[in-house]
Amino acid sequence: MPSVLILGAGSDMAVAIARAYASRKYDLQLAARSGQALIPLQQDLQIRHSVNVTVHDFDATAFNSHAAFYEQLPVIPDISICVFGYLGDQEKAETNWLEAERIINSNYTGAVSILNIIAERYITKGSGTIIGISSVAGERGRMSNYIYGSAKAGFSAYLSGLRNRLFHKGIHVMSVQPGFVNTQMTQHLALPPLLTAQPEAVAAAVLKAADKKKNTLFVKWHWKYIMLIIRNIPEGMFKKLKL
Amino acid sequence: MQKRLANWGNYPAIASEESSFTQEEQLRNFVSTNHELIARGNGRCYGDASLGKHSISMLKYDKILSFDTEKGIMECQAGVTLDQLLDILVPKGWFLPITPGTKFITIGGAVASDVHGKNHHVDGAFSNHIIDMDVITGTGETITCSPNQHTDLFWATCGGMGLTGVITRVKFDLKKIETAYIRQTQIKAKNLEDVIRLFEEYKHYTYSMAWIDCLKQGDSFGRSILIVGEHATPEELNAKQAKAPLTLPVKRKLTVPFNLPSFILNTLTVKIFNWLYYNKNLKREINNVVPYEPFFYPLDAILHWNRGYGKAGFVQYQFVLPLEHKDGLVAILKRISDKGWGSFLAVLKVFGNQESLISFPMEGYTLALDFPVRKGLFEFLDELDEIVLQYGGRLYLSKDARMKQEVFWKSYPNAEKFAAIVKQYNNDKRFTSLQSERLQLTR
Ligand SMILES: Cc1cc2nc3c(=O)[nH]c(=O)nc-3n(C[C@H](O)[C@H](O)[C@H](O)COP(=O)(O)OP(=O)(O)OC[C@H]3O[C@@H](n4cnc5c(N)ncnc54)[C@H](O)[C@@H]3O)c2cc1C
């Protein structure tokens, strides 16, 4: 049975991705801060799809534990997906280092730490797919969320470099920029309906793009053009905007 | 974020703050730190029961926790829909013990309305099949209740319209089936008397219901089609069906994409619809074996058919009258046909005996009718309420959007007892809906 590892498996997007792979009969390794909290999802996937599912404790910010975490996985997964992230509170992070650090570590440092380990394993094995869920927020820093955005920017650059390196070893790396997604993380924000994707749609798009070995994926096609515009606004003008 | 919410009848609509959870710990926290909450399933009740200032969407609380395929026991979180459950149950030879006329409802909604199906006279309501369940009450604690554990909470939650708290987990028994098909018989009835006689004659059938044409006068007053059915055995299937007796029906979906102008649904169109429906059956009796979907869920084939009633929305009027007062049916149908305010759907069912604290069913006949919202409608329905009261009947809370407070308190014999239990678990009015305010259920 092919298998998938999902890091940060408790989020709405991760659940949708897990269900999509389970319906294709992939076995799943689900990891989150509390593996215990994933048990209902584990039962659900096993009953609905008759696949094997294991749950694991994984803390993105506990870097020292990552090697041991990866060692104890039952099998080396064919696909590893990094879904975890933390939006945090921009205003708080401006003055509170703990919040800023948590945002950076959850979205960037933690991801680099675990993906470095996974990459080495895949190189030894000679195959594998790595998928990272980054964010359009990383395309340009904006006053409303640049701590999160800068961490995601770092993550996007990391994934692009990793893709470049691993391409030569036969390993595929895909970055995903989902744009706005209707999830628990965003339920209290007023998101524009036309630009907002459902987690199930993100999952379907991720699977399809991974099958086609795409390098990058914008879940709603509009985003590609919106970001093209946002990236190209001259800095002199951009700084005057309140974005 | 504020969202515009309305249930199946599109009346009433309100702005509500919606939150959703996937972890019990977060949900418990939310409940114990907020007020004016109401749980919401898939919004398939017709009126205002799951509308409130803050709604807790249960749709993501949708994990299947265990499925005992030997004994036929299902345990799941409350936000799982019947649709999802059938996909898992049917191929393994099991079926829902009770199902309403749509499969797009959640298990939490099934419990909170204590739903009934076409088999009420044989199998009772949903509450009769619950082994145990968990409810997060107003104190923010999770209480496990069942017919022999925290029984007051159990009975006040079944049919309690979300007012005792948030149902998070339900364990219930299933019905064994050998095939995914129904052997059905459809019989034309000349008039109301005829259909009631037929109901008696066919009462040994597990499933039964009738479509009534409520606009006909004179001899054909109350003409109908009675539909009865049984889960088919493998021997009853034709060669093609027998090849895979437990396969799921193919999912086909038609949808009404927008609200139709309301003038499309006037008396004339209802008359034409009913004429076509009645006359599509040429023979007096038709016997056939059909997949379970068209039998149980004829309307689900057209997603969003509710939009056919236009922007103003519609209300469903469902009442039950005690068995000895079936003459009340005549009185009510007469009022409707005199008024000429027919309904596409007039569904008649028979209920068996049921002890209940606050659930709708009681032994007798139940009729459900749709009325588009228009001037004068609520006054007219108030008049019908008087007749229902006079005959000792009551209205289904899950369909209600407009009943007056007195009507509820007069017609539900255990209303006081129910309100007292609600008060105990929902002390500082954490759970309230437009309906509970209107009917003063948490006073
Ligand atoms: C086409 C159609 C046919 C129908 N046929 C029938 C029928 O034959 N028999 C029948 O009995 N009903 C029938 N109904 C009504 C329907 O079964 C009920 O209204 C059901 O409760 C809807 O469930 P829901 O999940 O959509 O919940 P909602 O409509 O969102 O909520 C209904 C009630 O349940 C409460 N609730 C929902 N989830 C929870 C939870 N987790 N914890 C606590 N409270 C909760 C809400 O607060 C509200 O009071 C029909 C409805 C439609 C649209």
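Please read these numbers as outputs of a predicted model, since none were measured by experiment.

About the criteria used
- Residues numbered from 1 in each chain as written.
- Chains lettered and ligands numbered in written order.
- Predicted model: local features only at pLDDT ≥ 70, side-chain atom pairs only at ≥ 80, totals over all residues.
- Heavy atoms only, no water.
- Helix = DSSP H or I, 4+ residues; strand = E, 2+ residues; numbered from the N terminus.
- Rg over C-alpha atoms; globule rule 2.2 N^0.38 Å.
- Buried < 20%, exposed > 50% of the residue type's maximum accessible area, 1.4 Å probe, protein only.
- Areas by Shrake-Rupley, 256 points an atom, 1.4 Å probe, with all protein chains shown as cover.
- Lys, Arg positive; Asp, Glu negative; His and termini not counted.
- Charge placed at Lys NZ, Arg CZ, Asp CG, Glu CD.
- Contact = heavy atoms within 4.5 Å.
- Near = heavy atom within 4 Å.
- Polar contact = N/O pair within 3.5 Å; in protein donor to acceptor, adjacent residues only side chain to side chain.
- Nonpolar A, V, L, I, M, F, W, Y, C, P; charged D, E, K, R; others polar.
- Salt bridge = Lys/Arg side-chain N within 4 Å of Asp/Glu carboxyl O.
- Pairing = 2+ DSSP bridges.
- Axes fitted to C-alpha atoms, helices over the stretch in contact; angles between N-to-C directions.
- Buried area = accessible area lost by both parts, 1.4 Å probe.
- Patch = residues over 30% accessible without salt bridge, like charges linked within 9 Å, V, L, I, M, F, W, Y side chains within 5 Å.

Caption draft 1: The overall build of chain A, seen in detail. On a plain count of helices and strands, chain A comes out with nine helices and nine strands. For a compact globule of 243 residues, the expected C-alpha radius of gyration is about 18 Å, and chain A comes in at 18 Å, within 12% of that figure. With the principal axes as the frame, chain A shows a C-alpha extent of 55 × 35 × 35 Å. Across the 243 residues of chain A, 51% fall into the buried class. Accessible area for chain A stands at about 11,400 Å²; split by element, carbon and sulfur atoms hold 57% of it. Between the mean site of the 25 positive side-chain charges and the mean site of the 17 negative ones, chain A shows a separation of 9 Å.

Caption draft 2: Geometry of the environment of B:Asn414. Residue and element names in this part refer to chain B. You can see Asn 414 is positioned in the loop between α12 (405-411) and α13 (415-425). A sequence separation of 58 residues divides Asn 414 from Ser 356, and the C-alpha atoms of the two residues are 8.5 Å apart. Discounting chain neighbours no more than four positions away, the residues touching Asn 414 are Ser 356 and Leu 357.

Caption draft 3: Fine view of the site of the ligand. Residues and elements named next belong to chain B. Taken together, 35 residues form the shell around the ligand, and within it Ala 39, Arg 44, Thr 106, Ser 113 and Ser 398 come nearest. A distance of 2.7 Å separates an oxygen atom of the ligand from a polar atom in the backbone of Ala 39. The contact in question runs from an oxygen atom of the ligand to an N or O atom on the side chain of Thr 106, over 2.7 Å. Those elements that provide at least two residues to the shell around the ligand are β3 (37-40), α3 (107-112) and β10 (166-173). Residues of the shell around the ligand, tallied by class, amount to 17 nonpolar, 14 polar and four charged.

Caption draft 4: View of the pattern of salt bridges. One pass over the full model with this rule turns up 34 salt bridges over all chains. With a closest N to O distance of 2.6 Å, A:Glu235 and A:Arg140 form a salt bridge. Of this pair, A:Glu235 sits in helix α9 (residues 235-238) while A:Arg140 sits in the loop between β5 (129-133) and α6 (146-167), placing them 95 residues apart in sequence. Take A:Glu235: its relative accessible area is 52%, and that puts it in the exposed class. In this structure A:Arg140 comes out as buried when scored by relative accessible area, which is 13%. For the salt bridge of B:Asp382 with B:Arg402, the shortest nitrogen-to-oxygen distance reads 3.0 Å. With B:Asp382 in helix α11 (residues 377-390) and B:Arg402 in the loop between β21 (394-395) and α12, the pair connects residues that are 20 residues apart, well separated along the chain. Look at the salt bridges and you will find they share partners, linking A:Arg19, A:Asp44, A:Arg48, B:Asp62 and B:Lys63 into a network.

Caption draft 5: Region of the structure containing the sheet that holds strand β1 (residues 3-7) of chain A. All names here are of chain A. On the basis of which strands lie adjacent, the open sheet formed by seven strands has the order β3-β2-β1-β4-β5-β6-β9 and parallel pairing. On the outer flanks of this sheet lie β3 (53-57) and β9 (216-218), each paired with one strand and no other. This sheet shows a mean twist of 15° between the axes of neighbouring strands, independent of strand direction. Alignment of strand β4 (residues 79-82) against β5, held across four bridges, turns out to be parallel. For Ile 81, the partnering residue across the bridge sits in β5 and is Ile 131.

Caption draft 6: Highlighting the interface of chain B and chain A. Facing the 20 residues of chain B at the interface are 19 residues of chain A. Counting the surface lost from both chain B and chain A, the interface buries some 1,500 Å², and carbon and sulfur atoms represent 46% of this. Taken together, chain B and chain A are joined by two salt bridges. The residue A:Arg19 makes a salt bridge to B:Asp62 at a minimum N-O spacing of 2.8 Å. Where chain B packs against chain A, one counts eight residue pairs in polar contact (both at pLDDT 80 or more). Counting residues per element, the ones that place at least two in the side of chain B that touches chain A are β2 (13-20), β5 (64-68) and α2 (82-89) of chain B. Here the residues of the side of chain B that touches chain A sort into seven nonpolar, eight polar and five charged.

Caption draft 7: Quick peek at the sheet that holds strand β18 (residues 314-322) of chain B. Residue and element names in this part refer to chain B. Read from one edge of the open sheet, eight strands run β16-β12-β14-β13-β19-β20-β18-β21, paired in antiparallel fashion. Since the sheet does not close on itself, it has two edges, and those belong to β16 (285-291) and β21, each with one partner. Here nine bridges tie β18 to strand β20 (residues 364-372), and the two strands are oriented antiparallel to one another. Of the residues in β20, the one forming a bridge with Tyr 317 is Leu 369. This element, helix α6 (residues 192-201), spans β12 (181-189), β13 (207-212), β14 (224-231), β19 (346-351) and β20 of the sheet and lies at about 145° to β12. Helix-sheet contacts for helix α10 (residues 327-339) involve β13, β18, β19 and β20, and the interaxial angle to β20 is about 10°.

Caption draft 8: Layout of the pairing of β5(B). Residues and elements named next belong to chain B. The sheet contact formed by β5 and strand β6 (residues 73-77) spans four bridges and is antiparallel. Across the sheet, Ser 66 pairs through a bridge with Glu 75, a residue of β6. Counted along the chain from β5 to the antiparallel partner β6, the turn is four residues long, and its residue Gly 72 has a positive phi close to 75°.

Caption draft 9: Here's a closer look at a positive patch on the surface. Residues and elements named next belong to chain A. Together, Lys 208, Lys 212, Lys 214 and Lys 224 give the surface a local cluster of positive charge. Residue position: Lys 208 is located in helix α7 (residues 199-211). For Lys 208, a relative accessible area of 52% puts it in the exposed group.

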